[in-house]
Amino acid sequence: MVNAERLKSTFLDLVRIDSHSREEGEVARYIQNRLTALGLEATMDEAGAKIGGNCGNLFVRLQGPLAGKVEPILFCSHMDTVVPGKGVKPVEVDGVFRSSGDTILGADDKSGIAAILELVQVLKENDKSYGEIELLFTVAEEIGLVGARHFDTAQLKSRHAYFLDSEFVTSIGVGAPSAYRMTYRIHGLEAHAGMAPERGISAIRVAAQAINAMPLGRIDFETTANIGSIEGGAATNIIPKLVTLRGEARSHNPQKLEAQAEAMRRAFDQAVENSAVTIDGERVQARLEEERNLEYQAFRVAENSLTYRLAAEAGADLGLKMEPEISGGGSDANIFNAKGIESVVLGTGMMEPHTVKEFLRFEDMLNATRLIVNMVYRLR
Ligand SMILES: [Zn+2]
(Lines give C-alpha, C1' and ligand atoms only; values in the text may rest on other atoms or scores of the structure.)
Protein backbone atom coordinates (compact mmCIF):
# COMPACT_ATOMS: atom_id res chain seq x y z
CA MET A 1 0.00 0.00 0.00
CA VAL A 2 1.51 3.35 1.00
CA ASN A 3 5.26 3.21 0.42
CA ALA A 4 6.84 5.30 3.19
CA GLU A 5 10.28 5.52 1.60
CA ARG A 6 8.85 6.66 -1.72
CA LEU A 7 6.63 9.23 0.01
CA LYS A 8 9.65 10.60 1.84
CA SER A 9 11.76 10.88 -1.30
CA THR A 10 8.90 12.56 -3.20
CA PHE A 11 8.58 15.09 -0.40
CA LEU A 12 12.33 15.76 -0.39
CA ASP A 13 12.38 16.16 -4.19
CA LEU A 14 9.54 18.68 -3.99
CA VAL A 15 10.91 20.88 -1.20
CA ARG A 16 14.21 21.14 -3.06
CA ILE A 17 12.45 22.71 -6.06
CA ASP A 18 12.05 26.49 -5.78
CA SER A 19 8.46 27.60 -6.28
CA HIS A 20 7.68 31.06 -5.01
CA SER A 21 4.25 32.25 -6.11
CA ARG A 22 4.03 32.72 -9.91
CA GLU A 23 7.19 30.58 -10.29
CA GLU A 24 5.70 27.12 -9.88
CA GLY A 25 6.72 25.84 -13.33
CA GLU A 26 9.35 23.38 -12.18
CA VAL A 27 7.13 21.82 -9.53
CA ALA A 28 4.39 21.43 -12.14
CA ARG A 29 6.89 19.69 -14.44
CA TYR A 30 7.89 17.33 -11.66
CA ILE A 31 4.26 16.42 -10.98
CA GLN A 32 3.57 16.00 -14.69
CA ASN A 33 6.55 13.67 -15.12
CA ARG A 34 5.46 11.51 -12.22
CA LEU A 35 1.91 11.28 -13.54
CA THR A 36 2.98 10.64 -17.13
CA ALA A 37 5.09 7.72 -15.92
CA LEU A 38 1.87 6.27 -14.51
CA GLY A 39 0.02 6.73 -17.78
CA LEU A 40 -1.95 9.79 -16.68
CA GLU A 41 -2.40 13.04 -18.49
CA ALA A 42 -2.29 16.33 -16.63
CA THR A 43 -3.69 19.43 -18.28
CA MET A 44 -2.56 22.94 -17.45
CA ASP A 45 -4.97 25.87 -17.63
CA GLU A 46 -4.31 29.47 -18.67
CA ALA A 47 -4.08 30.86 -15.14
CA GLY A 48 -0.32 31.38 -15.42
CA ALA A 49 -0.62 33.73 -18.41
CA LYS A 50 -3.47 35.63 -16.75
CA ILE A 51 -1.58 36.31 -13.52
CA GLY A 52 1.90 36.82 -14.91
CA GLY A 53 3.21 33.47 -13.70
CA ASN A 54 5.29 30.80 -15.43
CA CYS A 55 2.70 28.06 -15.00
CA GLY A 56 -1.04 27.43 -14.63
CA ASN A 57 -3.16 25.16 -12.46
CA LEU A 58 -2.58 21.48 -13.13
CA PHE A 59 -5.63 19.21 -13.37
CA VAL A 60 -5.74 15.42 -13.59
CA ARG A 61 -8.61 12.94 -13.73
CA LEU A 62 -8.27 9.29 -12.71
CA GLN A 63 -10.95 6.96 -13.94
CA GLY A 64 -11.09 3.78 -11.92
CA PRO A 65 -13.27 0.78 -12.76
CA LEU A 66 -15.98 2.11 -10.42
CA ALA A 67 -16.24 5.48 -12.19
CA GLY A 68 -19.90 6.43 -12.49
CA LYS A 69 -20.85 4.04 -9.69
CA VAL A 70 -19.37 5.92 -6.75
CA GLU A 71 -19.19 9.60 -5.84
CA PRO A 72 -16.29 11.40 -7.55
CA ILE A 73 -14.04 13.41 -5.20
CA LEU A 74 -11.34 16.02 -5.64
CA PHE A 75 -8.01 16.36 -3.84
CA CYS A 76 -6.10 19.61 -4.09
CA SER A 77 -2.82 21.15 -2.95
CA HIS A 78 -1.10 24.37 -3.96
CA MET A 79 2.27 24.39 -5.70
CA ASP A 80 3.58 27.76 -4.54
CA THR A 81 5.37 28.63 -1.30
CA VAL A 82 5.90 31.82 0.68
CA VAL A 83 9.30 33.51 0.91
CA PRO A 84 12.10 32.87 1.76
CA GLY A 85 11.68 29.61 -0.11
CA LYS A 86 14.63 29.43 -2.51
CA GLY A 87 17.39 26.85 -2.08
CA VAL A 88 15.66 24.87 0.66
CA LYS A 89 18.06 22.33 2.17
CA PRO A 90 15.89 19.91 4.14
CA VAL A 91 17.36 18.28 7.23
CA GLU A 92 15.88 15.20 8.90
CA VAL A 93 16.46 14.50 12.57
CA ASP A 94 14.57 11.71 14.35
CA GLY A 95 11.79 11.63 11.81
CA VAL A 96 11.29 15.40 11.77
CA PHE A 97 12.04 17.52 8.71
CA ARG A 98 13.21 21.11 9.01
CA SER A 99 14.95 23.60 6.76
CA SER A 100 18.57 24.49 7.44
CA GLY A 101 17.24 27.58 9.23
CA ASP A 102 17.50 30.34 6.65
CA THR A 103 14.47 29.38 4.55
CA ILE A 104 11.02 27.94 5.07
CA LEU A 105 10.74 24.17 4.67
CA GLY A 106 7.91 24.32 2.14
CA ALA A 107 5.88 21.51 3.72
CA ASP A 108 3.16 24.09 3.10
CA ASP A 109 2.06 22.77 0.73
CA LYS A 110 4.48 20.21 -0.70
CA SER A 111 3.52 17.69 1.97
CA GLY A 112 0.04 17.77 0.41
CA ILE A 113 1.42 17.29 -3.11
CA ALA A 114 3.60 14.39 -1.93
CA ALA A 115 0.61 12.72 -0.25
CA ILE A 116 -1.51 13.07 -3.39
CA LEU A 117 1.25 11.69 -5.65
CA GLU A 118 1.63 8.72 -3.31
CA LEU A 119 -2.13 8.19 -3.44
CA VAL A 120 -1.92 7.96 -7.23
CA GLN A 121 0.92 5.43 -7.02
CA VAL A 122 -1.10 3.31 -4.60
CA LEU A 123 -4.18 3.40 -6.82
CA LYS A 124 -2.14 2.39 -9.85
CA GLU A 125 -0.25 -0.43 -8.14
CA ASN A 126 -2.71 -2.00 -5.77
CA ASP A 127 -6.40 -2.63 -5.47
CA LYS A 128 -7.96 -1.09 -8.56
CA SER A 129 -11.47 -0.85 -7.15
CA TYR A 130 -11.85 2.89 -7.06
CA GLY A 131 -14.08 5.33 -8.88
CA GLU A 132 -13.35 8.76 -10.22
CA ILE A 133 -10.69 10.87 -8.54
CA GLU A 134 -9.89 14.40 -9.61
CA LEU A 135 -6.61 16.06 -8.64
CA LEU A 136 -5.82 19.74 -8.75
CA PHE A 137 -2.53 21.51 -8.09
CA THR A 138 -3.07 25.25 -7.90
CA VAL A 139 -0.72 28.20 -8.37
CA ALA A 140 -0.42 31.44 -6.40
CA GLU A 141 -2.43 30.42 -3.35
CA GLU A 142 -0.18 32.33 -1.00
CA ILE A 143 -0.68 35.69 -2.69
CA GLY A 144 -4.46 35.73 -2.42
CA LEU A 145 -5.87 32.39 -3.64
CA VAL A 146 -5.27 33.64 -7.16
CA GLY A 147 -4.86 30.32 -8.98
CA ALA A 148 -8.03 28.80 -7.49
CA ARG A 149 -9.94 31.93 -8.46
CA HIS A 150 -8.93 31.43 -12.10
CA PHE A 151 -9.65 27.69 -12.21
CA ASP A 152 -12.77 26.76 -14.18
CA THR A 153 -14.75 24.46 -11.88
CA ALA A 154 -17.24 23.66 -14.68
CA GLN A 155 -14.92 20.83 -15.78
CA LEU A 156 -15.19 19.14 -12.37
CA LYS A 157 -17.39 16.13 -11.76
CA SER A 158 -16.74 16.21 -8.01
CA ARG A 159 -19.14 17.97 -5.67
CA HIS A 160 -16.87 17.21 -2.69
CA ALA A 161 -13.31 18.45 -2.36
CA TYR A 162 -10.40 18.06 0.06
CA PHE A 163 -7.67 20.66 0.34
CA LEU A 164 -4.54 19.20 1.92
CA ASP A 165 -3.26 22.45 3.35
CA SER A 166 -3.23 22.66 7.12
CA GLU A 167 -1.48 21.45 10.23
CA PHE A 168 -3.12 18.72 12.28
CA VAL A 169 -3.85 15.41 10.58
CA THR A 170 -6.82 14.74 12.86
CA SER A 171 -8.49 18.09 12.09
CA ILE A 172 -11.06 18.55 9.37
CA GLY A 173 -11.31 22.23 8.49
CA VAL A 174 -15.05 22.82 8.18
CA GLY A 175 -15.16 26.58 8.48
CA ALA A 176 -13.22 29.71 7.62
CA PRO A 177 -14.02 33.42 7.75
CA SER A 178 -14.83 35.99 5.10
CA ALA A 179 -12.25 38.71 4.71
CA TYR A 180 -12.17 42.25 3.45
CA ARG A 181 -8.93 43.95 2.54
CA MET A 182 -9.07 47.73 2.61
CA THR A 183 -6.94 50.66 1.54
CA TYR A 184 -7.78 54.11 2.90
CA ARG A 185 -6.26 57.29 1.59
CA ILE A 186 -6.69 60.47 3.58
CA HIS A 187 -6.08 63.66 1.63
CA GLY A 188 -5.27 66.62 3.86
CA LEU A 189 -4.07 70.08 2.93
CA GLU A 190 -0.39 70.90 2.63
CA ALA A 191 0.97 74.05 4.33
CA HIS A 192 4.17 75.31 5.92
CA ALA A 193 4.21 73.88 9.43
CA GLY A 194 5.98 76.90 10.93
CA MET A 195 4.66 79.86 8.97
CA ALA A 196 1.06 78.89 8.21
CA PRO A 197 -0.14 75.82 10.08
CA GLU A 198 -3.66 77.27 10.16
CA ARG A 199 -3.77 76.92 6.38
CA GLY A 200 -3.17 73.18 6.52
CA ILE A 201 -5.05 70.02 7.41
CA SER A 202 -2.84 67.23 8.71
CA ALA A 203 -3.70 63.91 7.09
CA ILE A 204 -1.66 62.19 9.80
CA ARG A 205 -3.77 63.76 12.52
CA VAL A 206 -6.99 62.72 10.79
CA ALA A 207 -5.64 59.16 10.46
CA ALA A 208 -4.66 59.10 14.14
CA GLN A 209 -8.11 60.22 15.25
CA ALA A 210 -9.82 57.67 13.05
CA ILE A 211 -7.64 54.77 14.19
CA ASN A 212 -8.07 55.73 17.81
CA ALA A 213 -11.84 55.80 17.45
CA MET A 214 -12.39 52.56 15.53
CA PRO A 215 -12.92 49.04 16.89
CA LEU A 216 -9.84 46.90 16.13
CA GLY A 217 -8.29 43.63 17.23
CA ARG A 218 -10.62 40.87 18.38
CA ILE A 219 -14.11 42.26 17.99
CA ASP A 220 -15.91 39.11 19.12
CA PHE A 221 -15.39 35.34 18.99
CA GLU A 222 -15.76 35.26 15.21
CA THR A 223 -14.67 38.71 14.06
CA THR A 224 -11.27 40.43 13.93
CA ALA A 225 -9.93 43.65 12.39
CA ASN A 226 -6.56 45.26 11.91
CA ILE A 227 -4.91 48.34 10.45
CA GLY A 228 -1.64 46.79 9.36
CA SER A 229 0.28 49.55 7.66
CA ILE A 230 0.37 53.31 7.54
CA GLU A 231 2.53 55.60 5.50
CA GLY A 232 2.52 59.28 4.68
CA GLY A 233 4.01 62.67 5.22
CA ALA A 234 7.07 64.23 3.61
CA ALA A 235 9.05 66.36 6.07
CA THR A 236 8.86 67.72 9.61
CA ASN A 237 8.12 71.25 8.39
CA ILE A 238 5.23 70.34 6.11
CA ILE A 239 1.67 69.68 7.23
CA PRO A 240 1.17 66.23 5.66
CA LYS A 241 -1.24 66.08 2.75
CA LEU A 242 -1.53 62.33 2.23
CA VAL A 243 -1.65 59.23 4.41
CA THR A 244 -2.31 55.71 3.10
CA LEU A 245 -3.53 53.02 5.48
CA ARG A 246 -4.02 49.33 4.76
CA GLY A 247 -6.18 47.08 6.86
CA GLU A 248 -8.39 44.05 6.95
CA ALA A 249 -11.44 42.65 8.68
CA ARG A 250 -12.48 39.01 9.00
CA SER A 251 -15.58 37.31 10.30
CA HIS A 252 -17.29 33.95 10.10
CA ASN A 253 -20.53 35.92 9.98
CA PRO A 254 -21.08 37.99 6.80
CA GLN A 255 -23.35 40.54 8.53
CA LYS A 256 -20.77 41.13 11.24
CA LEU A 257 -18.10 41.55 8.57
CA GLU A 258 -20.19 44.25 6.88
CA ALA A 259 -20.85 45.94 10.21
CA GLN A 260 -17.15 45.95 11.09
CA ALA A 261 -16.11 47.38 7.73
CA GLU A 262 -18.79 50.06 8.11
CA ALA A 263 -17.63 50.92 11.64
CA MET A 264 -14.10 51.43 10.35
CA ARG A 265 -15.41 53.58 7.53
CA ARG A 266 -17.50 55.67 9.94
CA ALA A 267 -14.47 56.35 12.13
CA PHE A 268 -12.68 57.77 9.10
CA ASP A 269 -15.75 59.77 8.03
CA GLN A 270 -16.05 61.26 11.51
CA ALA A 271 -12.36 62.18 11.67
CA VAL A 272 -12.59 63.76 8.23
CA GLU A 273 -15.66 65.71 9.40
CA ASN A 274 -13.77 66.89 12.49
CA SER A 275 -10.89 68.14 10.36
CA ALA A 276 -12.94 71.02 8.91
CA VAL A 277 -11.32 74.47 9.13
CA THR A 278 -12.07 77.83 7.62
CA ILE A 279 -9.40 79.25 5.35
CA ASP A 280 -9.95 82.63 3.65
CA GLY A 281 -13.62 82.43 4.59
CA GLU A 282 -14.05 79.03 2.98
CA ARG A 283 -14.82 75.81 4.81
CA VAL A 284 -12.41 73.04 3.86
CA GLN A 285 -11.89 69.55 5.21
CA ALA A 286 -9.86 66.41 4.56
CA ARG A 287 -11.11 63.86 2.06
CA LEU A 288 -11.27 60.08 2.31
CA GLU A 289 -10.88 57.48 -0.43
CA GLU A 290 -11.69 53.89 0.45
CA GLU A 291 -11.06 50.69 -1.52
CA ARG A 292 -12.70 47.63 -0.01
CA ASN A 293 -12.26 44.21 -1.63
CA LEU A 294 -13.86 40.98 -0.54
CA GLU A 295 -10.83 38.70 -0.52
CA TYR A 296 -12.73 35.51 0.18
CA GLN A 297 -16.08 34.36 1.51
CA ALA A 298 -16.80 32.42 4.67
CA PHE A 299 -17.91 28.81 4.57
CA ARG A 300 -19.22 26.19 6.97
CA VAL A 301 -19.49 22.54 6.04
CA ALA A 302 -21.91 20.45 8.11
CA GLU A 303 -20.61 17.51 10.08
CA ASN A 304 -23.34 15.26 8.67
CA SER A 305 -22.29 16.03 5.08
CA LEU A 306 -20.74 13.31 2.94
CA THR A 307 -17.67 15.52 2.62
CA TYR A 308 -17.08 15.52 6.37
CA ARG A 309 -18.17 11.98 7.08
CA LEU A 310 -15.94 10.40 4.45
CA ALA A 311 -12.83 11.93 6.05
CA ALA A 312 -14.01 11.30 9.61
CA GLU A 313 -14.86 7.64 8.99
CA ALA A 314 -11.72 6.97 6.95
CA GLY A 315 -9.70 8.43 9.84
CA ALA A 316 -11.54 6.36 12.44
CA ASP A 317 -10.61 3.20 10.48
CA LEU A 318 -6.98 4.16 11.00
CA GLY A 319 -7.39 4.94 14.68
CA LEU A 320 -7.30 8.71 14.07
CA LYS A 321 -9.80 10.68 16.12
CA MET A 322 -10.93 13.20 13.55
CA GLU A 323 -12.42 16.47 14.75
CA PRO A 324 -13.97 19.53 13.08
CA GLU A 325 -11.88 22.69 13.13
CA ILE A 326 -12.79 26.30 12.47
CA SER A 327 -9.92 28.26 10.97
CA GLY A 328 -9.08 31.94 11.30
CA GLY A 329 -7.66 32.19 7.80
CA GLY A 330 -8.68 31.71 4.20
CA SER A 331 -7.50 29.07 1.72
CA ASP A 332 -8.37 27.76 -1.72
CA ALA A 333 -11.25 25.94 0.00
CA ASN A 334 -13.01 29.30 0.49
CA ILE A 335 -12.94 29.88 -3.26
CA PHE A 336 -14.22 26.38 -4.06
CA ASN A 337 -17.02 26.51 -1.49
CA ALA A 338 -18.08 29.85 -2.97
CA LYS A 339 -18.14 28.18 -6.39
CA GLY A 340 -20.49 25.50 -5.10
CA ILE A 341 -18.04 22.64 -4.50
CA GLU A 342 -18.36 21.54 -0.87
CA SER A 343 -14.80 21.67 0.43
CA VAL A 344 -12.95 20.98 3.67
CA VAL A 345 -9.29 21.38 4.60
CA LEU A 346 -7.18 18.44 5.76
CA GLY A 347 -3.92 18.56 7.73
CA THR A 348 -0.63 17.07 6.57
CA GLY A 349 1.52 17.67 9.64
CA MET A 350 3.06 20.95 8.43
CA MET A 351 3.82 22.96 11.57
CA GLU A 352 4.69 26.65 11.98
CA PRO A 353 4.17 27.30 8.27
CA HIS A 354 5.23 30.71 6.89
CA THR A 355 8.27 30.81 9.21
CA VAL A 356 11.85 29.56 8.92
CA LYS A 357 11.02 27.33 11.91
CA GLU A 358 8.56 25.35 9.80
CA PHE A 359 8.79 21.60 10.42
CA LEU A 360 7.02 18.35 9.62
CA ARG A 361 6.94 15.03 11.44
CA PHE A 362 7.18 12.35 8.80
CA GLU A 363 4.75 10.15 10.72
CA ASP A 364 2.05 12.83 10.33
CA MET A 365 2.49 13.09 6.56
CA LEU A 366 2.38 9.30 6.38
CA ASN A 367 -0.92 9.27 8.28
CA ALA A 368 -2.33 12.03 6.07
CA THR A 369 -1.46 9.89 3.04
CA ARG A 370 -3.03 6.77 4.55
CA LEU A 371 -6.11 8.84 5.32
CA ILE A 372 -6.72 9.94 1.73
CA VAL A 373 -5.99 6.45 0.39
CA ASN A 374 -8.54 5.04 2.80
CA MET A 375 -11.05 7.73 1.80
CA VAL A 376 -10.83 6.63 -1.82
CA TYR A 377 -11.34 2.95 -1.00
CA ARG A 378 -14.15 3.76 1.41
CA LEU A 379 -16.23 5.04 -1.49
CA ARG A 380 -16.80 1.54 -2.83
ZN1 LIG B 1 -0.79 26.52 2.27
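Scroll up for the structure.
Keep in mind that this is a model prediction, so the values were computed, not measured.

Student: Help me out: how do you make sense of the sheet that holds strand β12 (residues 223-232) in this one?
Tutor: Strand pairing in a sheet relies on backbone hydrogen bonds. The paired strands run either parallel or antiparallel. One open sheet accounts for five strands, arranged β11-β12-β14-β9-β17; its pairing is antiparallel. The open sheet terminates on both sides in strands that have one partner only, identified here as β11 (217-220) and β17 (287-296). Between one strand and the next, the sheet's axes are offset by a mean angle of 20°, whatever the strand orientation. Each of β9 (178-187), β12 and β14 (242-251) is contacted by helix α6 (residues 203-213), which is oriented at about 20° to β14, the strand it contacts most. Sheet contacts for helix α7 (residues 254-274): β9, β11, β12, β14 and β17; angle to β17, the most-contacted strand, approximately 165°.

Student: Looking at this model, I keep getting lost on the coordination of the zinc ion. Mind explaining?
Tutor: Six octahedral donors around a metal ideally sit at 90 or 180 degrees from one another, while four tetrahedral donors ideally sit at 109.5 degrees. Those donors, His78 (NE2), Asp108 (OD) and Asp165 (OD), are the protein atoms that reach the zinc ion, and they lie 2.0 to 2.2 Å from it. Each donor residue of the zinc ion lies on the same chain, and together they follow the pattern H-x29-D-x56-D. One end of the pair, histidine 78, is in strand β3 (residues 73-78); the other, aspartate 165, is in strand β7 (residues 160-166), and 87 residues separate them in sequence. Here histidine 78 falls in the buried class, since its relative accessible area comes to 1%. A residue is classified by how much of its surface remains accessible, and aspartate 165, at 15% relative accessible area, is buried.

Student: Looking at this structure, I do not really get the sheet that holds strand β22 (residues 359-361). What am I missing?
Tutor: Taken together, four strands build an open sheet; the order of strands is β4-β5-β22-β21 and the sheet is antiparallel. Every interior strand has two partners, whereas the edge strands, β4 (91-93) and β21 (350-351), have only one. Packing against the sheet, helix α10 (residues 362-378) makes contact with β5 (96-98) and β22, and its axis sits at approximately 65° to β22.

Student: Help me understand the packing of helix α8 (residues 306-317) against α10, please; the structure alone is not making it clear to me.
Tutor: Between two packed helices, both the angle of their axes relative to each other and the distance between the axes serve to describe the pair. It is the contact of α8 with α10, at a shortest axis distance of 9 Å, that shows an interaxial angle of 110°. Classified by the angle their axes make, α8 and α10 are roughly perpendicular. Note that α8 runs across α10; the crossing there is right-handed. Note on element contacts: α10 touches α8 through Leu371, Asn374, Met375 and Arg378, opposite Leu310, Ala311, Glu313, Ala314, Gly315 and Asp317.

Student: Got a minute to help me understand the pattern of salt bridges in this structure?
Tutor: Two side chains bearing opposite charge may form a pair once their charged atoms approach each other closely. One pass over the structure, following the stated rule, counts 25 salt bridges. Residue glutamate 273 is joined to arginine 283 by a salt bridge in which the shortest nitrogen-to-oxygen separation is 4.0 Å. Taken together, the positions of glutamate 273 in helix α7 and arginine 283 in strand β16 (residues 282-284) put the pair ten residues apart, joining distant regions of the chain. Taking the relative accessible area as the measure of exposure, arginine 283 reaches 55% and is therefore exposed. Close ionic contact of arginine 361 with aspartate 364 constitutes a salt bridge, the shortest N to O distance being 3.5 Å. Of the residues examined, arginine 361 reaches a relative accessible area of 39% and is grouped as partly exposed. Overlapping salt bridges bring together Glu262, Arg265, Asp269, Glu290 and Arg292 as one network.

Student: What is the right way to look at the side chain of asparagine 334 in this model?
Tutor: Looking at where asparagine 334 falls in the secondary structure, it is placed in helix α9 (residues 332-338). For asparagine 334, a relative accessible area of 1% puts it in the buried group. Once residues lying within four places of it in the same chain are set aside, the contact partners of asparagine 334 are Ala176, Pro177, Tyr296, Gln297, Ala298, Phe299 and Gly329.

Student: Whenever I open this one, the pairing of strand β20 (residues 342-347) confuses me. Can you help?
Tutor: Within a regular beta strand, the side chains point alternately toward one face of the sheet and then the other, so they alternate between its two faces. In terms of burial, β20 is largely enclosed, as five of its six residues are buried. For β7 and β20, the ladder comprises six bridges, and the chain directions are parallel. Paired with phenylalanine 163 across the two strands is valine 345, which belongs to β20. Across two bridges, the pairing between strand β8 (residues 171-176) and β20 is antiparallel. Counted as the bridge partner of glycine 173 is valine 345 from β20.

Student: Is there a simple way to explain the nonpolar core in this structure?
Tutor: Grouped together as the largest cluster of nonpolar side chains are 90 residues, with contacts concentrated most on Phe11, Phe75, Met79, Phe336 and Met375. Among the nonpolar cores identified, the runner-up in size contains 24 residues, and Tyr180, Ala207, Ala267 and Phe268 belong to it.

Student: Any chance you could explain unusual backbone geometry here in plain terms?
Tutor: With an omega of -10°, the peptide bond between valine 83 and proline 84 qualifies as cis. Residue placement: proline 84 occurs in the loop between β3 and β4. Looking along the chain, the bond that leaves aspartate 108 and enters aspartate 109 is cis, with omega of 20°. One can find aspartate 109 in helix α4 (residues 107-125). In this model, arginine 22 sits at a positive phi of 75°, which is unusual for a non-glycine residue. Exposure remark for arginine 22: the relative accessible area of 38% places this residue in the partly exposed category.

Student: Sorry, what's going on with the packing of aromatic side chains here?
Tutor: To describe a pair of aromatic rings, one takes the distance between the centres and the angle between the planes. Applying the stated rule across the entire model yields seven aromatic pairs. Each ring, one from phenylalanine 11 and one from phenylalanine 97, has its centre 5.4 Å from the other, and the planes form 55°; the classification is tilted. Placement of phenylalanine 11 in helix α1 (residues 4-15) and of phenylalanine 97 in strand β5 is noted, with a sequence separation of 86 residues between them. By relative accessible area, which is 0% here, phenylalanine 11 ends up buried. With relative accessibility at 1%, the residue phenylalanine 97 sits in the buried group. Of the aromatic side chains, those joined through ring pairs into one cluster are Phe59, Phe151, Phe163 and Phe336. The ring of phenylalanine 362 has lysine 8 lying over it, and the distance from NZ or CZ to the ring centre is 4.9 Å. Geometry around phenylalanine 359 places arginine 98 over its ring, the cationic atom sitting 4.9 Å from the centre.

Conventions used here
- Residues numbered from 1 in each chain as written.
- Predicted model: local features only at pLDDT ≥ 70, side-chain atom pairs only at ≥ 80, totals over all residues.
- Heavy atoms only, no water.
- Pairing = 2+ DSSP bridges.
- Helix = DSSP H or I, 4+ residues; strand = E, 2+ residues; numbered from the N terminus.
- Axes fitted to C-alpha atoms, helices over the stretch in contact; angles between N-to-C directions.
- Contact = heavy atoms within 4.5 Å.
- Donors = N, O, S within 2.8 Å, 3.2 Å for Na, K, Ca; no water.
- Buried < 20%, exposed > 50% of the residue type's maximum accessible area, 1.4 Å probe, protein only.
- Parallel < 35°, antiparallel > 145°, perpendicular 65-115°, else oblique.
- Left-handed = near helix turned anticlockwise from the far one by under 90°.
- Salt bridge = Lys/Arg side-chain N within 4 Å of Asp/Glu carboxyl O.
- Core = buried A, V, L, I, M, F, W, Y, C linked by side-chain atoms within 4.5 Å.
- Phe/Tyr/Trp six-rings, centres within 6.5 Å; stacked < 30°, edge-to-face > 60°.
- Lys NZ or Arg CZ within 6 Å of the ring centre and 35° of its normal.

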